[in-house]
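Breakdown of the fold
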Amino acid sequence: MSSRERFFLFAILGAHVALTVWLSAVLNIWVDEAYTLHTTSLSVGDTARQALTWEVQPPLYFVLINLWRHLGSGIFFVRLFSVIAVAVGVYIAGLVASSYVSERSRLWVMAAVAFNPFVIASAIEARVYGLVFLWSALLMWLFYFGYMREGRMVASRMGFAIVAALALYTQYYTGFLLLGFAAALVVQRRWRNFAVFVGSMVLVGISFIPVALYVRSEIATNVISFGNSSGFFTNLIHAAQILTLDVLSADWAGTTARHVMYLIVFLLLAMVLWRSDKASLKSLVANSAIILAVAVILFTAAVTIAHQPLSSHYLAAFHLPAFMVLFGLLASLRGGAGQRAIAITAAALVVLSAFSNANDYRTLAKYGDWLRVSAFISARESNNQRIVVFDAQSALPLAYYYRGKNSIVPLPHAMRFDRYDLHDNALHDQSEVTNALGYIPHANTELWLVTSNGCRRAPVNFHCELLDDFVARNYKMILDQHFVGTRVRLLREKQQ
């Protein structure tokens, strides 16, 4: 690598790290990150147990954060783990591009990946997704050297098996990426390598047995709280839309604008396919396309059968293969057209990512905006004004920031940590509202009511109308302030 290329490599990584470090420092935590702080505040053994039984996830990330917090316990330091993991993943993504696409594409792909909104969001989240991104990058890279390239490959194969085990202990869905690798070997008819791969994956599977015993109960827990009744093809289309939206960085645009963008991209890719060199197309795109297609199809089948939800985070392991398919396709153009197409596309994606990131973080707040909510209440509260929070989950991130004079009262009751069931956070009768608000007729009391914007209705109905109706009948509003995802009201009891 020339000195000029090294300069641009460090410039890309430096800008990426500077952005993610800054956002990690200024953004408030949200509910899921509050879960991480609670889970990792326990002993190592209890952290692993709660990860499996309450977080409903494999324990590795949470155990690592538990140990990491011995060096520093603040939210910025907890997020710093993801910042580092993603930064390393971005660097390895460049190595993956050198292997699957071309050496000349390395910096362009790194730039496109480094500022991608999903990658940025993973880096500034005190959750598992940044580590999943790192594992997916390492798996892509080690698979190429261990199973696709000729030559000495024992170390790469051993590294691949180790990372595969770590990935499964981090997020179950990475297992579908492993099946995609197996399918690539079958299609390429690398039977000897396939046999070695299967043997190593058997060992990985054996190592996974202690965690696999929890999978069935975790599926049942997710169905209760987040059940998805959509069919296979609906879910497959949704998964494809998620990956397309994440790669194109188009969530800042309106629906019509996005559809226009999709149409333009589809036509351009069709033109690239028509003008591509077919031999290059096979060598540059086939492996990544097979890995991605098989992984996404099997993932979709599994979540459909298990009635599991679909979200961008659950597809975290599949984003880098999607980038490889896109840039491999561009590289297949004849002559110098391929490299020009890669440069133009990467530059366009960086610009789109800039729009998307600016839109996502324009308020410098994550959902809930709990830092500002806490400051708003603290600046205006008086003694004996309880702070009632609905739903109860939201009391966790608020409590992280609030240091005022009053008590936070979760509605309908404090979170249970012996099981995860969103039914526990739903209202069942009006007595729960009366008790939480401390309602006493003719007492002329005041209280703060903190609620989420919108009301969850499916698959768990939170029955927000029980709270709204009671407040409308018995209280008058003194203050009403909206934040990002949160509404804060100061209420005074009506004189009957």
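No experiment lies behind these values; they were computed from the predicted model shown.

Cut-offs applied
Residues numbered from 1 in each chain as written. Predicted model: local features only at pLDDT ≥ 70, side-chain atom pairs only at ≥ 80, totals over all residues. Heavy atoms only, no water. Helix = DSSP H or I, 4+ residues; strand = E, 2+ residues; numbered from the N terminus. Rg over C-alpha atoms; globule rule 2.2 N^0.38 Å. Buried < 20%, exposed > 50% of the residue type's maximum accessible area, 1.4 Å probe, protein only. Contact = heavy atoms within 4.5 Å. Arc of directions from axis to C-beta. Pairing = 2+ DSSP bridges. Right-handed = clockwise from strand over helix to strand, strands pointing away. Expected span 1.5 Å × (residues − 1). Salt bridge = Lys/Arg side-chain N within 4 Å of Asp/Glu carboxyl O. Phe/Tyr/Trp six-rings, centres within 6.5 Å; stacked < 30°, edge-to-face > 60°. Disulfide = S-S within 2.5 Å. Axes fitted to C-alpha atoms, helices over the stretch in contact; angles between N-to-C directions. Core = buried A, V, L, I, M, F, W, Y, C linked by side-chain atoms within 4.5 Å.

**Describing the overall build of the protein**
The helix and strand inventory of the protein stands at 21 helices and five strands. Over its C-alpha atoms the protein spans a radius of gyration of 25 Å, differing by no more than 12% from the 23 Å that the globule rule assigns to 496 residues. In terms of overall dimensions, the protein has a C-alpha envelope of 80 × 45 × 45 Å along the principal axes. Each of the 496 residues in the protein was classed as buried or not, and the buried ones make up 53%. Within the protein, contacts between residues at least 6 apart in sequence are counted, and of these 73% link residues at least 24 apart.

**Comments concerning the environment of Met-1**
Along the chain, Met-1 falls in the segment before helix 1 (3-26). When its relative accessible area of 42% is taken as the criterion, Met-1 is described as partly exposed. When the C-alpha positions of Met-1 and Ala-343 are compared, they lie 18 Å apart, and in sequence the two are 342 residues distant.

**Observations concerning helix 21 (residues 464-474)**
An α-helix turns once every 3.6 residues. As a result, residues three or four positions apart point the same way. Within helix 21 the residues assigned to the buried category are Cys-464, Leu-467, Phe-470, Val-471 and Asn-474. Buried residues of helix 21 fall within an arc of 140 degrees about the axis and therefore sit on the same side. On its buried face, helix 21 is in contact with strand 1 (387-390), helix 20 (430-437), strand 3 (446-452), strand 4 (475-483) and strand 5 (486-493).

**Comments concerning the pairing of strand 1**
Neither face of strand 1 is open: one carries Ile-387 and Val-389, the other Val-388 and Phe-390, and all of them are buried. Direction of pairing for strand 1 relative to strand 2 (residues 408-410): parallel, over a ladder of three bridges. The residue of strand 2 that forms the bridge with Ile-387 is Ile-408. Following the chain from strand 1 across helix 19 (residues 395-401) to the adjacent parallel strand 2, one finds a crossover that is right-handed.

**Concerning helix 16 (residues 319-331)**
Counted at 1.5 Å a residue, the expected span for helix 16 with its 13 residues is 18 Å, and the 19 Å between its end C-alpha atoms agrees. Within helix 16, twelve of the 13 residues are buried, leaving the element largely enclosed by the surrounding structure. The set of residues buried in helix 16 consists of His-319, Leu-320, Pro-321, Ala-322, Phe-323, Met-324, Leu-326, Phe-327, Gly-328, Leu-329, Leu-330 and Ala-331.

**Quick word on the pattern of salt bridges**
Evaluation of the coordinates by the stated rule reveals ten salt bridges. Asp-46 serves as the salt-bridge partner of Arg-49, at 2.4 Å between the closest nitrogen and oxygen. With Arg-49 and Asp-46 both in helix 3 (residues 44-53) and three residues apart, the pair spans about one turn of that helix. Using a relative accessible area of 48% as the deciding quantity, one classes Arg-49 as partly exposed. The residue Arg-487 makes a salt bridge to Asp-480 at a minimum N-O spacing of 2.9 Å. Assessed through its relative accessible area of 22%, Arg-487 is described here as partly exposed. Via salt bridges that share partners, Glu-33, Arg-79, Glu-125 and Lys-366 belong to a single interconnected network.

**Quick word on the packing of aromatic side chains**
Within the structure shown, the criterion is met by 35 aromatic pairs. Residues Tyr-400 and Tyr-401 carry aromatic rings whose centres are separated by 5.0 Å and whose planes lie at 85 degrees to one another, so their mutual orientation is edge-to-face. Here a set of aromatic residues connected by ring pairs shows up, and it is made of Tyr-61, Phe-62, Trp-68, Phe-77 and Phe-81.

**Things to note about the state of the cysteines**
If you walk through the whole model with that rule in mind, you get one disulfide. The partner cysteine of Cys-455 in its disulfide is Cys-464, sulfur to sulfur 1.9 Å. Measuring handedness by torsion sign, the sulfur bridge of Cys-455 and Cys-464 sits at about 90 degrees and is right-handed.

**Concerning the sheet that holds strand 3**
What holds strands together in a sheet is hydrogen bonding between their backbones, with the strands either parallel or antiparallel. The strand order across the open sheet formed by five strands is 2-1-3-5-4, and the pairing between neighbours is mixed. Both edges of this open sheet fall to strand 2 and strand 4, since each of them pairs with a single strand only. Across the sheet, the axes of successive neighbouring strands diverge by a mean angle of 25 degrees, strand direction being ignored. Along the sheet face, helix 21 touches strand 1, strand 3, strand 4 and strand 5 and points at about 130 degrees away from the line of strand 4.

**Focus: the nonpolar core**
Of all hydrophobic cores here, the largest spans 130 residues; its most connected members are Phe-143, Phe-160, Phe-181, Phe-318, Met-324 and Phe-327. With 14 residues, the single largest contributor to this core is helix 8 (residues 129-148). Not counting residues up to four positions away in its chain, the partners in contact with Phe-160 are Leu-139, Leu-142, Phe-143, Tyr-147, Leu-178, Phe-181, Phe-197 and Met-201. Core analysis: the second largest hydrophobic core is formed by 28 residues, Val-56, Val-388, Leu-411 and Leu-467 among them.

**Observations regarding unusual backbone geometry**
Residue Asp-391 is bonded to the preceding Phe-390 through a cis peptide linkage, with omega at 5 degrees. With omega at 10 degrees, the peptide bond leading from Leu-411 into Pro-412 counts as cis. Despite not being glycine, Arg-189 shows a phi value in the positive range, around 55 degrees. Mapping Arg-189 onto the fold places it in the loop between helix 10 (174-187) and helix 11 (191-212). Notably, Asp-369 is not glycine yet its phi reads approximately 55 degrees, a positive angle. Among the structural elements, Asp-369 can be located in the loop between helix 17 (337-360) and helix 18 (370-380).

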